[in-house]
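Summary of structural features
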Amino acid sequence: MRAPLQQWSQQMERIIYCMVCGKEAPVDAERCLACDAPLHTEQQVTYPGLRRRCEQLPQQLSDRLYIVVLSFKELPDTSRECFRSIVAALSHVDCDTVVLASVASAEEAELIRDSDLVIITAGSPRKPGMSRSDVLDVNRAVIDTIVDQVLELAPDALLMLVTNPVDVLTWHAWKRTGWTRNRVFGLGGVLDAARMAYYIGQETGHSSRDIQTMVIGGHGDSMLPLFRFSSIHGINAEIVLDSEARTRVTERTRNGGAEVLNLREDSSAYTAPGAAVVTMVDAICNDRRQILPCVSVLDGEYSEQDTTAGVPVILGRNGIEEVIELPLNETELDGFQASIASIRADL
């Protein structure tokens, strides 16, 4: 379906930018005046509170044309140059993406009307020394406001949570919407699996492109990297890595976010999460039915009920098409149950 063009913030001029050539065009234009590229889309993807992660979204979405509505809550004033820099950066990648940028605050909820997919990244980031759970109360209040706006203005949307603690907030958002569980899910395992692949690459010297990994459980200190379900170009990771190497990879994977946080000091990770969001949005919008580890509501899988956790799912046009139940051994199941217990403690 063709997504309606949304009203800009009153502070912004009524212009859009062509993602093929980066030139300005009138908001009601059908095609770019400079290069004749189409300026309308089949779907609308909305990011409340997106911040820097916006720059990562369209880089791999080369198959179709999209609108990305950017809502920079923390910017106090309109900065046209800010949007120019984003568009310029995105125009250098191989994609056909139209960007509709706005500095509207979260209160200007009309921006999300009729969205097919709403991705929530808004919230307070943790500081060095804090766990993801330490920001639960403040971020739950933020999520409540946005979810209520989604219910009113985009009642048919899919809802992806990125805000931490993502496992708990995904469950909370699911409960608040009353929607079927396939429509509400969270980012977690895709990012954790990418970090695990990187650390395996550091241990082995192999390219991370040859490494497929699986991480399940909570998106936190109790996450469970599964070496038995990970491989290096088809070779089981348990064959390649000894027990000491597996322990190092596990610890670094669990602490990857904290490692970035400590290095940045004033900001949590955003580049890698942005790339992980790209993977998930691509799977949904292109109906790839891709197997990815995501935060999902469990309904009997792994003998768990009415809770959320990172598990492998089939991700497609309808959100979570299917939850995949891995045949965990006793040790893996114990670790998964311990991770579930840490999530339940915050529900």
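All of these numbers come straight from a predicted model, not from anything done at the bench.

1. Observations concerning the packing of helix α4 (residues 189-204) against helix α6 (residues 243-254)
At a minimum axis separation of 9 Å, α4 and α6 run at an interaxial angle of 140°. Classified by the interaxial angle, the pair formed by α4 and α6 is oblique. For the pair α4 and α6, the crossing hand works out as right-handed. Where α4 abuts α6, its residues Asp192, Arg195, Met196, Tyr199, Ile200, Gln202 and Glu203 lie against Ala245, Arg248, Val249, Arg252 and Thr253. In the contact of α4 with α6, the residues fall into five nonpolar, two polar and five charged.

2. A short note on the packing of aromatic side chains
Each pair of aromatic rings is reported with the distance of its centres and the angle of its planes. For the structure shown, the criterion picks out two aromatic pairs. Look at tyrosine 302 and phenylalanine 336: their rings are 5.0 Å apart centre to centre, the planes differ by 45°, and that puts the pair in the tilted class. On the criterion of sequence distance, the pair formed by tyrosine 302 in the loop between β14 (290-299) and β15 (305-316) and phenylalanine 336 in helix α9 (residues 330-344) is long-range, its members being 34 residues apart. One residue, arginine 183, lies across the ring of tryptophan 179, its end atom 3.7 Å from the ring centre.

3. A few points about α6
Over its twelve residues, α6 runs 16 Å from end to end, which matches the ideal 16 Å to within 8%, given 1.5 Å per residue. Of all the positions in α6, only Ala245, Val249, Thr250 and Thr253 are classed as buried. An end-on view of α6 places all buried positions within 140° of arc, on one side of the element. For α6, the N-terminal cap is aspartate 242; the gap from its side-chain oxygen to the backbone nitrogen of glutamate 244 is 3.2 Å.

4. As for helix α2 (residues 136-153)
With 18 residues, α2 ought to run about 26 Å at 1.5 Å a step, and its terminal C-alpha atoms sit 25 Å apart, in line with that. When we look at burial in α2, the residues that qualify are Leu136, Asn139, Ile143, Asp144, Ile146, Val147, Gln149, Val150 and Leu153.

5. Brief notes about the pattern of salt bridges
If you walk through the whole model with that rule in mind, you get ten salt bridges. In this structure, arginine 176 engages aspartate 144 in a salt bridge whose closest nitrogen and oxygen atoms are separated by 3.6 Å. Placement of arginine 176 in helix α3 (residues 166-177) and of aspartate 144 in helix α2 is noted, with a sequence separation of 32 residues between them. Residue class for aspartate 144 comes out buried when judged on its relative accessible area of 18%. Among the salt bridges present, the one from arginine 254 reaches glutamate 251, with a minimum N-O distance of 3.6 Å. Residue arginine 254 and its partner glutamate 251 are located together in helix α6, separated by three residues, close to a single helical turn. A single salt-bridge network, built from bridges that share partners, covers Asp144, Asp148 and Arg176.

6. A look at the sheet that holds strand β9 (residues 211-212)
Spatially, three strands are ordered β9-β12-β13 in an open sheet, and the strand pairing comes out antiparallel. In this open sheet, the two edge strands, each paired with only one partner strand, are β9 and β13 (235-236). Bridge count between strand β12 (residues 231-232) and β13: two bridges; the pairing is antiparallel. Within β13, the residue paired with isoleucine 232 across the bridge is isoleucine 235.

7. What to know about the nonpolar core
Counting 61 residues, the largest nonpolar core has Leu159, Met160, Met280, Leu315 and Phe336 as the members making the most contacts within it. Of the residues forming this core, the biggest block, seven residues, is contributed by helix α8 (residues 271-285). In this view, methionine 280 contacts Met160, Phe185, Gly186, Leu187, Val190, Leu292, Cys294 and Leu315; residues no more than four positions away in its chain are not counted. Judged by nonpolar contacts, the second largest core, of 14 residues, contains Ala197, Met223, Ala245 and Val249.

8. Observations regarding the confidence of the model for the protein
A residue-level look at the protein finds 63% of positions with pLDDT of 70 or above and a mean pLDDT of 75. Note on residues 1-15: pLDDT is under 50 here. Beyond four places in sequence and across chains, it has 50 contacts. In the model, residues 40-106 has pLDDT below 50 throughout and makes 201 contacts with residues more than four positions away in sequence or in other chains.

9. Observations regarding the side chain of glutamate 301
Structurally, the position occupied by glutamate 301 is in the loop between β14 and β15. Polar side-chain contacts of glutamate 301 include one of 2.7 Å to the backbone nitrogen of aspartate 299. Sequence-distant contacts of glutamate 301, defined by excluding residues within four places in its chain, comprise Arg181, Val323 and Glu325.

10. Examining the pairing of strand β7 (residues 158-161)
Because side chains alternate across β7, one face comprises the buried residues Leu158 and Met160, and the other comprises Leu159 and Leu161, equally buried. In this sheet, β7 lies alongside strand β6 (residues 117-120) in parallel orientation, the contact comprising four bridges. By the bridge assignment, valine 118 is partnered in β7 with leucine 159. Bridging between β7 and strand β8 (residues 184-186) involves three bridges; their strand directions are parallel.

The rules behind each value
- Residues numbered from 1 in each chain as written.
- Predicted model: local features only at pLDDT ≥ 70, side-chain atom pairs only at ≥ 80, totals over all residues.
- Heavy atoms only, no water.
- Axes fitted to C-alpha atoms, helices over the stretch in contact; angles between N-to-C directions.
- Helix = DSSP H or I, 4+ residues; strand = E, 2+ residues; numbered from the N terminus.
- Parallel < 35°, antiparallel > 145°, perpendicular 65-115°, else oblique.
- Left-handed = near helix turned anticlockwise from the far one by under 90°.
- Contact = heavy atoms within 4.5 Å.
- Nonpolar A, V, L, I, M, F, W, Y, C, P; charged D, E, K, R; others polar.
- Phe/Tyr/Trp six-rings, centres within 6.5 Å; stacked < 30°, edge-to-face > 60°.
- Lys NZ or Arg CZ within 6 Å of the ring centre and 35° of its normal.
- Expected span 1.5 Å × (residues − 1).
- Buried < 20%, exposed > 50% of the residue type's maximum accessible area, 1.4 Å probe, protein only.
- Arc of directions from axis to C-beta.
- Polar contact = N/O pair within 3.5 Å; in protein donor to acceptor, adjacent residues only side chain to side chain.
- Salt bridge = Lys/Arg side-chain N within 4 Å of Asp/Glu carboxyl O.
- Pairing = 2+ DSSP bridges.
- Core = buried A, V, L, I, M, F, W, Y, C linked by side-chain atoms within 4.5 Å.
- pLDDT = per-residue confidence, 0-100.

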